[in-house]
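What follows is the residue order along each chain.
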Amino acid sequence: MSRTESGRAWLAELPALIAEFRDRWSLRLGPPIHGGSCSWVAPAALPDGGSAVLKLTWPHREAAGEAAGLRTWGGNGAVHLLAADERRHALLVERCVPGTELGEDGRHSPDVRLAAAAELLNGLWSAPPPAAGLERLAAVTREWATLVEQRMARLRPDYDPGLVAIGVDLLRTLPRSATREVVVHGDFNPGNVLASERRPWLAIDPKPMVGDPGYDPWPLLTQLDEPFERDDPAPLLAYRYALVADAVGEDPRRLLAWSVARTVESALWFAAMGEVADGAEEMAQAAALAELAGL
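All of these numbers come straight from a predicted model, not from anything done at the bench.

Okay, the nonpolar core next. Counting 74 residues, the largest nonpolar core has Tyr159, Val164, Phe188, Tyr241, Val264 and Leu268 as the members making the most contacts within it. Broken down by element, this core gets its largest block of residues, 10 residues, from helix 8 (residues 252-272). What Tyr159 contacts, discounting residues up to four positions off in sequence, is Met152, Val164, Ala267, Leu268, Ala271, Glu275, Val276, Gly279, Ala280 and Met283. Membership of the second largest hydrophobic core comes to 18 residues, among which are Trp25, Trp40, Ala83 and Ala90.

Listed below in structure tokens is the structure:
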């Protein structure tokens, strides 16, 4: 964020923003929670003694629909939205206590945690998409497909061009073959699912769009318990994709295909950031996922 002019300007304005929303919503703020890359987050005590979280976000495209998504879900699978100023990118949301991340939870096996995450996805996907306020997934992934092609041509990283072409095609075609449209979370990684009191787990920090639910499980399935760190991740990945696909009512091959598409897009993003070696690691993961999907 600090690399961009708009990011630096927002950081300079941040102390005033904190004071503005602290006073507007009559909050007593605790020390900020570190870990995010595009927002300032802190626990807050409400006037009635309840607890919440104040989130102030650097204005960018992916954050634009967060309030609309949380409002649509109404607490079913995600934290409640308590107040929002969407123009100023300020949110007041339910606080998760104890707030342990799904990926850091040592009490339960990966299978149990995957089942719990799948239950959250079913809750999120059950909400009727709003008439306005959220981007269409198909439009976003079409843009990504073009961007991947442009980055591949301009940067010429030593990535498998055939696999990149498969990823590009999937980004364009998968949304068109979806059998249903839902409000996807958009960033359903194990760090965005927290232990809470109201429900065992709740999702936070969405980047919601309207489209194919198969888009969502990729970061959950490839990051929980780091399956790619194993010598042979294929059997475990096949098992886990089948487990989650069954729980959410999707075809595991479709979840795998979306994972290939998103991993290829991620690889070319890394390359564009000058991190070509990290992109190569992503491409190796995409190759393993493509083999499982039969692509």
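Over its 19 residues, helix 4 (residues 137-155) extends 26 Å from the first C-alpha to the last, a length consistent with the 27 Å expected when each residue adds 1.5 Å. For helix 4, the full list of buried residues reads Leu137, Val140, Thr141, Trp144, Ala145, Val148, Arg151 and Met152. Along the axis of helix 4, the buried positions cluster into a sector of 145°, meaning they face one direction only. Looking at the buried positions of helix 4, the neighbouring elements they touch are strand 6 (135-136), helix 5 (161-173), strand 10 (209-211) and helix 8.

So, on to the sheet that holds strand 1 (residues 28-29). With antiparallel pairing, the 5 strands of this open sheet are ordered in space as 1-2-3-5-4. Each end of this open sheet is capped by a strand with a single partner; those strands are strand 1 and strand 4 (81-85). Note: strand 1 against strand 2 (residues 39-45), 2 bridges, orientation antiparallel. Residue pairing across strands places Arg28 opposite Ala45, the latter belonging to strand 2. Of the strands in this sheet, strand 1, strand 2, strand 3 (51-57), strand 4 and strand 5 (90-94) touch helix 1 (residues 5-24), which is tilted by about 150° from strand 3.

Reading guide: rules and limits
Residues numbered from 1 in each chain as written. Predicted model: local features only at pLDDT ≥ 70, side-chain atom pairs only at ≥ 80, totals over all residues. Heavy atoms only, no water. Core = buried A, V, L, I, M, F, W, Y, C linked by side-chain atoms within 4.5 Å. Buried < 20%, exposed > 50% of the residue type's maximum accessible area, 1.4 Å probe, protein only. Helix = DSSP H or I, 4+ residues; strand = E, 2+ residues; numbered from the N terminus. Contact = heavy atoms within 4.5 Å. Expected span 1.5 Å × (residues − 1). Arc of directions from axis to C-beta. Pairing = 2+ DSSP bridges. Axes fitted to C-alpha atoms, helices over the stretch in contact; angles between N-to-C directions.

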